[in-house]
Amino acid sequence: MSLRERQRRQVRDEIQRAAYELFAEKGFAEVTTEQIAAAAGVSASTYFRHVRSKEDLLLDPVREGGAGIAPLLEDQDADQPADVALAQAILARSTTLAAAELEQWRAAFATAPHLLERVALISAEHRGRLVELVGERMGRDPGADSTPGLLVHLMLAAAEFGYLQWLRNSEHPEMSLAVCVEGALGAVVGERWRHVG
């Protein structure tokens, strides 16, 4: 990563951190972009160079996390079954943030429940790449066999369910993101993916 990219990322992180604190304190609807910019120590124009909307400050961490699943899947042991490898890649990506950062994000999200239905783990482009990788791992052509695509879609739907379960249950600290996502993925992992005719 270049120096310019690191600086850009640092500014974005400051804006995000300031936004989460303000959302948790005042509520999502009550916080203005100007307040976020001021709390982050940047101008409004700098804010808008880094952020499209307040909603994106809450939704982008999920999207960015989803983009990192394919490389993690590629790194899984080649002998691992496709379902297990994909579940481990999703879980690894879901647990990269520190617990304090996750709790700050969840507290901020709690003030914007209307955004919960917009939580999407991955873009169509990255989903397509996962289907290709799973097809290779299964020895199946995703263009002729729907099994790799079905596995990817079910795994991602399960992971999104785990995220939503975690976001909605902030009063249960024992329900960590890892526990929720792992439990949801566990419902999809199984022998059926290894013996499909």
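Helix and strand counts for the protein chain stand at 10 helices and 0 strands. Going from the N terminus to the C terminus, the protein chain shows its helices and strands as α-α-α-α-α-α-α-α-α-α. Split into buried and exposed, the 197 residues of the protein chain put 46% on the buried side. Long-range pairs, those at least 24 residues apart, make up 69% of the contacts in the protein chain between residues at least 6 apart in sequence. For the protein chain, the accessible area works out to roughly 10,100 Å², and carbon and sulfur atoms hold 53% of it.

With their axes 10 Å apart at the nearest point, helix 4 (residues 54–67) and helix 7 (residues 99–109) run at an angle of 135 degrees to one another. On the basis of the axis angle, helix 4 is oblique to helix 7. Note on packing geometry: the crossing formed by helix 4 with helix 7 is left-handed. Taking contact as the criterion, the partners of Leu-58, Leu-59, Pro-61 and Val-62 in helix 4 are, on helix 7, Trp-105, Ala-108 and Phe-109.

With that settled, consider the confidence of the model for the protein chain. On average, residues of the protein chain carry a pLDDT of 89, and 98% of them reach 70 or more. Per-residue pLDDT, averaged within each element of the protein chain, yields its smallest value for helix 4 (82) and its largest for helix 2 (residues 33–40) (95).

Counting across every chain of the model gives 5 aromatic pairs. Aromatic pair Trp-105 and Phe-109: ring centres 5.6 Å apart, planes at 85 degrees, arrangement edge-to-face. Residue Trp-105 and its partner Phe-109 are both found in helix 7; the two are separated by 4 residues, about one turn of the helix. Members of the aromatic cluster, each reached through a chain of ring pairs, are Trp-105, Phe-109, Tyr-163 and Trp-166. The aromatic ring of Phe-28 is capped on one face by Lys-54, whose charged end is 4.4 Å from the ring centroid.

Now for helix 7. Residues of helix 7 that are buried include every one of Leu-102, Trp-105, Arg-106, Ala-108 and Phe-109, and no others. Within helix 7, the buried residues cover an arc of 160 degrees as seen down the axis, which keeps them to one side. Turned more than 90 degrees from where helix 7 packs its buried face, Ala-99 and Ala-100 sit exposed. Tucked into the core, helix 7 has its buried residues touching helix 1 (3–26), helix 4, helix 9 (147–168) and helix 10 (177–186).

The biggest cluster of nonpolar side chains holds 60 residues, and the ones touching the most others in it are Phe-23, Leu-58, Leu-86 and Trp-105. Top contributing element to this core by residue count: helix 9, with 10 residues. For Leu-86, the contacting residues outside a window of four places in its chain are Ile-69, Leu-73, Leu-130, Val-134, Leu-151, Val-152 and Met-155.

Take the pattern of salt bridges next. Under the definition given, this model contains 10 salt bridges. Glu-103 is the partner of Arg-106 in a salt bridge, and the nearest nitrogen-oxygen pair spans 2.9 Å. Within this pair, Arg-106 and its partner Glu-103 are both found in helix 7, separated by 3 residues, close to a single helical turn. The class for Arg-106 is buried, based on a relative accessible area of 1%. In this structure, the salt-bridge partner of Asp-145 is Arg-140, at a minimum N-O distance of 2.6 Å. Note on Asp-145: relative accessible area 18%, which makes it buried. For Arg-140, a relative accessible area of 18% translates into the label buried.

Criteria and thresholds
Residues numbered from 1 in each chain as written. Predicted model: local features only at pLDDT ≥ 70, side-chain atom pairs only at ≥ 80, totals over all residues. Heavy atoms only, no water. Helix = DSSP H or I, 4+ residues; strand = E, 2+ residues; numbered from the N terminus. Buried < 20%, exposed > 50% of the residue type's maximum accessible area, 1.4 Å probe, protein only. Contact = heavy atoms within 4.5 Å. Areas by Shrake-Rupley, 256 points an atom, 1.4 Å probe, with all protein chains shown as cover. Axes fitted to C-alpha atoms, helices over the stretch in contact; angles between N-to-C directions. Parallel < 35°, antiparallel > 145°, perpendicular 65-115°, else oblique. Left-handed = near helix turned anticlockwise from the far one by under 90°. pLDDT = per-residue confidence, 0-100. Phe/Tyr/Trp six-rings, centres within 6.5 Å; stacked < 30°, edge-to-face > 60°. Lys NZ or Arg CZ within 6 Å of the ring centre and 35° of its normal. Arc of directions from axis to C-beta. Core = buried A, V, L, I, M, F, W, Y, C linked by side-chain atoms within 4.5 Å. Salt bridge = Lys/Arg side-chain N within 4 Å of Asp/Glu carboxyl O.

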